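# Fold and geometry: a report
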Amino acid sequence: MTSLQHWQELLKQGVNNTKELLSLVNLTEHDLPTALTSPQPFKLRVPRGFINRMQAGNPNDPLLLQVLPLLSELDLTPGYDTDPLAESTTNPVPGLLQKYKSRALLTITGACAINCRYCFRRHFPYSDNNPGTAGWQLALDYLRQHNDIKEVIFSGGDPLTAPDTILANLAKQIAAIPHITTLRIHTRLPIVLPERINDEFLAWFSGSRLKPVMVMHCNHPQEIDASVVNALNRLHKAGAILLNQTVLLKGVNDNATILAALSEALFENHTLPYYLHLLDKVQGAAHFDLPMTEVSAIYNELMALLPGYLVPKLVREIPGAASKTTII
Ligand code: SF4
């Protein structure tokens, strides 16, 4: 039996109980009467290192608000759906989604290190979409047969919760397909569990024929501590192209000064802001949504604060569209 790596131990030690989370940040249910303490279908999950970056005693902490289940998540809000991006229609074989020409996405795993309450895949049927170790042949065949696909995206869940042996093996088989040039990983782990960026990971990710691109998911500058800086610098030194996407969230980062500080902190660590996403209207996340008048005001102020190359594109995903839709 192989022993767990350090990051896998940390993953296992994540907090999945609302009362424990609140007590770790010196809060009680009285401070947050809107918190949902009973078991939830989309469970609470958060690494302890991420909790350490929350401000103790602050019920409005922007990191806490991203992971804390609320009673309002149980409301059925009109206009909010369990599959807001109609992904079930873009799923030709288990484990593979193709929404856009030239790139295909593999849902490597349904697991995440952190369960973000606004996640558009919080109701995604991962159990129908995890082909298992032996089952990736159908997805690989699809990639081989579609020579217009240039880029493969490892997604999930969070693909970096899977062991390196599985990821490296898949990457090797993809690298053997001549028309594929780029491997992109969409992940929140370098931010929420930066210990994941270790020698084993960097060896296969940067050692492949495929151009390594990583799209991080960071929403607030408070998420970036010394351990994250270290992970981003290691990725950069290994030759990865680093980009970041952010979801615009009411009460978390709906402020141009905060978003500007995030872009600057990322840039200082070799990461370019890529997308600022409007919330996908997923059931259970309505409390994060903002009216468009406020979105426009925040974005216009952000553009005035930063050079153009540090302003992420404000986008919305519209099911069936040929690309993300730029808003401003
Ligand atoms: S890490 Fe990504 S996939 Fe996982 S819950 Fe958060 S947003 Fe969703």
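Here's a quick rundown of the structure.

### Digging into helix 9 (residues 226-237)
Over its twelve residues, helix 9 extends 16 Å from the first C-alpha to the last, a length consistent with the 16 Å expected when each residue adds 1.5 Å. Where helix 9 is buried, its residues meet helix 7 (189-192), helix 8 (199-206), strand 5 (211-217), strand 6 (241-247) and strand 7 (271-277). Looking one or two residues beyond helix 9, the residue adopting positive phi is G239, at roughly 95°.

### Overview of the nonpolar core
Note that soluble globular proteins tend to have their nonpolar side chains buried in a common cluster. Within the largest apolar cluster, 76 residues are counted, with the highest numbers of intra-cluster contacts made by L21, V46, M54, L143, F154 and F201. The leading source of residues in this core is helix 6 (residues 164-175), at five residues. The two domains that each donate at least three residues to this core are domain 1 (7-74) and domain 2 (87-326). Not counting the four nearest positions on each side in its chain, M54 is found in contact with L21, V25, V46, D61, L63, L64, V67 and Q222. L259, A260, Y299 and V311 belong to the second largest nonpolar core, which has 15 residues in total.

### Description of the state of the cysteines
In total, this model carries zero disulfides according to the counting rule given. C218 carries a free sulfur, and the closest cysteine sulfur to it, the one in C116, is 11 Å from it.

### Concerning the sheet that holds strand 6
One open sheet holds the nine strands; their spatial order is 1-2-3-4-5-6-7-8-9, and the pairing between them is mixed. The open sheet has two edge strands with one neighbour each: strand 1 (96-100) and strand 9 (325-326). Examined bridge by bridge, strand 8 (residues 313-316) and strand 9 share two bridges and lie antiparallel to one another. Bridge pairing links R316 to T325 in strand 9. Helix 8 rests against strand 3 (151-155), strand 4 (182-187) and strand 5 of the sheet, and its axis sits at about 145° to strand 4. Here helix 9 sits on the sheet in contact with strand 5, strand 6 and strand 7, set at roughly 140° to strand 6.

### Side note on the pairing of strand 1
For strand 1, a buried count of four out of five residues is recorded, marking the element as mostly surrounded by other parts of the structure. Here strand 1 pairs with strand 2 (residues 103-107) via three bridges, running antiparallel. Across the sheet, residue L97 finds its bridge partner in strand 2, namely L105. Remark: two residues form the turn of the hairpin made by strand 1 and strand 2, two consecutive strands paired antiparallel; S102 in that turn has positive phi of roughly 75°.

### Some words on the packing of helix 5 (residues 137-145) against helix 6
Packing of helix 5 against helix 6 brings their axes to within 10 Å, and their N-to-C directions diverge by 25°. Classified by the interaxial angle, the pair formed by helix 5 and helix 6 is roughly parallel. In terms of crossing hand, the pair formed by helix 5 and helix 6 is right-handed. Seen from helix 5, the contacting residues are Q137, L140, L143 and R144; seen from helix 6, they are L170, Q173 and I174. Of the residues in the contact of helix 5 with helix 6, the class split is four nonpolar, two polar and one charged.

### Section: helix 6
Between its first and last C-alpha, helix 6 extends 16 Å over twelve residues, near the 16 Å set by a 1.5 Å rise per residue. Close packing links the buried residues of helix 6 with strand 2, helix 5, strand 3, strand 4 and helix 8.

### Focus: the packing of aromatic side chains
Counting across every chain of the model gives six aromatic pairs. Arranged with centres 5.8 Å apart and planes meeting at 90°, the rings of Y118 and F288 form a pair that is edge-to-face. Residue Y118 is located in the loop between strand 2 and helix 5, and its partner F288 is located in the loop between strand 7 and helix 11 (292-305); the two are separated by 170 residues in the primary sequence. A relative accessible area of 3% means that F288 is categorised as buried.

The rules behind the values
- Residues numbered from 1 in each chain as written.
- Predicted model: local features only at pLDDT ≥ 70, side-chain atom pairs only at ≥ 80, totals over all residues.
- Heavy atoms only, no water.
- Helix = DSSP H or I, 4+ residues; strand = E, 2+ residues; numbered from the N terminus.
- Expected span 1.5 Å × (residues − 1).
- Contact = heavy atoms within 4.5 Å.
- Core = buried A, V, L, I, M, F, W, Y, C linked by side-chain atoms within 4.5 Å.
- Buried < 20%, exposed > 50% of the residue type's maximum accessible area, 1.4 Å probe, protein only.
- Domains from an automatic or database assignment.
- Disulfide = S-S within 2.5 Å.
- Pairing = 2+ DSSP bridges.
- Axes fitted to C-alpha atoms, helices over the stretch in contact; angles between N-to-C directions.
- Parallel < 35°, antiparallel > 145°, perpendicular 65-115°, else oblique.
- Left-handed = near helix turned anticlockwise from the far one by under 90°.
- Nonpolar A, V, L, I, M, F, W, Y, C, P; charged D, E, K, R; others polar.
- Phe/Tyr/Trp six-rings, centres within 6.5 Å; stacked < 30°, edge-to-face > 60°.

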